[in-house]
Amino acid sequence: MYILGIDTSCDDTSIAILEIKNLKLEILSNVVSSQVKLHAKYGGVYPFLAKREHQKNLPVVLKKTTKNIDISKIDLIGVTIGPGLEPCLWQGINFAKDLAEKLNKPIVPVNHIEAHILANFLDYQTRQRNLFPAICLVVSGGHTQLILMRDIGKYRLIGETRDDAAGECFDKVARILGLGYPGGPAIAVTVANLKPKTYNLKPKLPRPMIYQKNYDFSFSGLKTAVLYDFRARPPKIRKSKEYIQEMCFEIQQAIIDVLIHKTLRATKDFKAKSIILGGGVAANEELRKQFEKKIKEDYNLPTTPYIKYLIPDTKYCTDNAAMVAATAYFHQREATKDWKKIEANANLRI
Ligand code: KG4
Ligand code: ZN
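This is a predicted model, so every value here is computed, not measured.

Visitor: Help me understand the pairing of strand E8 (residues 154-160) in this model?
Guide: Note on strand geometry: in a regular strand, side chains alternate between the two faces of the sheet. With six bridges connecting them, strand E7 (residues 144-151) and E8 associate as antiparallel partners. Note that in E8 the partner of Leu 148 across the bridge is Arg 156. The hairpin turn running from E7 into E8, its antiparallel successor, is two residues long, and Gly 153 in that turn takes a positive phi close to 95°.

Quick look at the structure:
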């Protein structure tokens, strides 16, 4: 069986093909065409500009994806219908409908948040493990959500950000500090170059909502705190490499502290057997390392079984269509040829 996945939810145009043999998923191709350079000069994504780019990119990306694959072999098409930027979502949906009609194959509408979670289930061995209930943390540019997962397809949203997403906070702070877009990787690289010796200006940021007994987040205050600190510094200091590096260190650590603390509390409260990460921010090396360390510290006691920690390869954390094709595989029973039913839903919930 062959599944083609399409994702145009934000600023990346992506198409992938999976082959399924004996229940094993193999990624035959996964092409992601990034619009980063286009949006970098604005410091964020402009939906109508992104939509135009998707329109231009989709046929090119399809050609690349199917370079060594006979497209008539495709059995099923999976396409992201939400959440995301509505004009962008429609580009992918209409492209999927045209292709599905041409090939006379059905479409599975895919939820982008679920796809970020199921990026962890591309591997057959993983699917054989005793993972549920699991606590999933989806952290991207548009979302920060904690989800209780009882099985593939069975989710309950237990908490989310009340304002900005973690990735959005990285992007806005990077803009204040003049580091460009996307902010997450730019901040991570700046921190990696920080020499411990230079850490002496010590900007201090809050850890919003960390001790509140709920599973919600709030990151917009963090960005404001950076802005106030930045403005309060003399121009010479705030433009200095040391200040920028130290502020990057502090913002990254503040976000990591909150994400880890709240996820681990949910894990304990719901007696979860695993922690599953997904989304662009999960590509952050420090977050990945510190999560693992903290889980080991908290759970590696003789009396408690070691909890499982799942995280996709970094290239499957950021937006990609392989995760969309995988989600379509798990939901193949929902495949339809009733094209009219398939519509974009910018605010689709899990
Ligand atoms: O999942 P994604 O590709 O798109 C959305 O669905 O939003 O996530 C993009 C977000 C951006 O905000 C970007 O700054 C952040 O993920 N991001 C990172 C890293 N790589 C991407 N944040 C922190 N560290 C990274 N290495
Ligand atoms: Zn995403």
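Visitor: What is the right way to read the coordination of the zinc ion (ligand 2) from this model?
Guide: Reference geometry at the metal: tetrahedral coordination by four donors gives ideal angles of 109.5 degrees; octahedral coordination by six donors gives 90 or 180 degrees. Coordination of the zinc ion (ligand 2) by the protein comes from His 112 (NE2), His 116 (NE2) and Asp 319 (OD), over a distance range of 2.0 to 2.1 Å. Donor residues for the zinc ion (ligand 2) sit on one chain with the sequence pattern H-x3-H-x202-D. You can see His 116 sitting in helix H4 (residues 112-118) and its partner Asp 319 sitting in the loop between strand E10 (308-310) and helix H12 (322-330), a full 203 residues away along the chain. Accessibility expressed as a relative area gives 14% for Asp 319, which makes it buried.

Visitor: Even after reading the chapter, I still don't get the site of ligand 1, so can you show me in this structure?
Guide: Around ligand 1, 20 residues are found, and the nearest of them are Gly 141, Asp 171, Gly 184, Gly 280 and Asp 319. At a separation of 3.0 Å, an oxygen atom of ligand 1 approaches a polar backbone atom of Asp 319. Alone, ligand 1 offers 550 Å² of accessible surface; in the complex the protein occludes 89% of this. Under a 2 Å grid-point criterion requiring more than half of the atoms, the pocket assigned to ligand 1 is the largest pocket. At the level of secondary structure, the elements contributing two or more residues to the shell around ligand 1 comprise H4, helix H6 (166-176) and helix H7 (183-192). In the shell around ligand 1, the residues fall into six nonpolar, 12 polar and two charged.

Visitor: It is not clear to me how the side chain of Asp 12 should be interpreted in this structure. Could you clarify?
Guide: One can find Asp 12 in strand E2 (residues 12-21). Nearest to the buried, unbridged Asp 12 among oppositely charged side chains is Lys 37, at 12 Å.

Visitor: Help me understand the sheet that holds strand E6 (residues 134-139), please; the structure alone is not making it clear to me.
Guide: The strands making up a sheet associate through hydrogen bonds between their backbones, and the pairing can be parallel or antiparallel. The five strands are arranged E8-E7-E6-E9-E10 in an open sheet whose pairing can be described as mixed. Sheet topology places E8 and E10 at the edges, where each strand pairs with a single neighbour. Strand-to-strand, the axes of this sheet are offset by a mean angle of 20°, without reference to chain direction. Sheet contacts for helix H11 (residues 285-299): E6, strand E9 (274-278) and E10; angle to E10, the most-contacted strand, approximately 170°.

Criteria and thresholds
- Residues numbered from 1 in each chain as written.
- Chains lettered and ligands numbered in written order.
- Predicted model: local features only at pLDDT ≥ 70, side-chain atom pairs only at ≥ 80, totals over all residues.
- Heavy atoms only, no water.
- Pairing = 2+ DSSP bridges.
- Helix = DSSP H or I, 4+ residues; strand = E, 2+ residues; numbered from the N terminus.
- Donors = N, O, S within 2.8 Å, 3.2 Å for Na, K, Ca; no water.
- Buried < 20%, exposed > 50% of the residue type's maximum accessible area, 1.4 Å probe, protein only.
- Near = heavy atom within 4 Å.
- Polar contact = N/O pair within 3.5 Å; in protein donor to acceptor, adjacent residues only side chain to side chain.
- Areas by Shrake-Rupley, 256 points an atom, 1.4 Å probe, with all protein chains shown as cover.
- 1 Å grid on protein atoms, 1.4 Å probe; cavity = no way out; pocket = protein on both sides within 12 Å on 5 of 7 lines; lining within 4 Å.
- Sits in = over half its atoms within 2 Å of the grid points.
- Nonpolar A, V, L, I, M, F, W, Y, C, P; charged D, E, K, R; others polar.
- Lys, Arg positive; Asp, Glu negative; His and termini not counted.
- Salt bridge = Lys/Arg side-chain N within 4 Å of Asp/Glu carboxyl O.
- Axes fitted to C-alpha atoms, helices over the stretch in contact; angles between N-to-C directions.
- Contact = heavy atoms within 4.5 Å.

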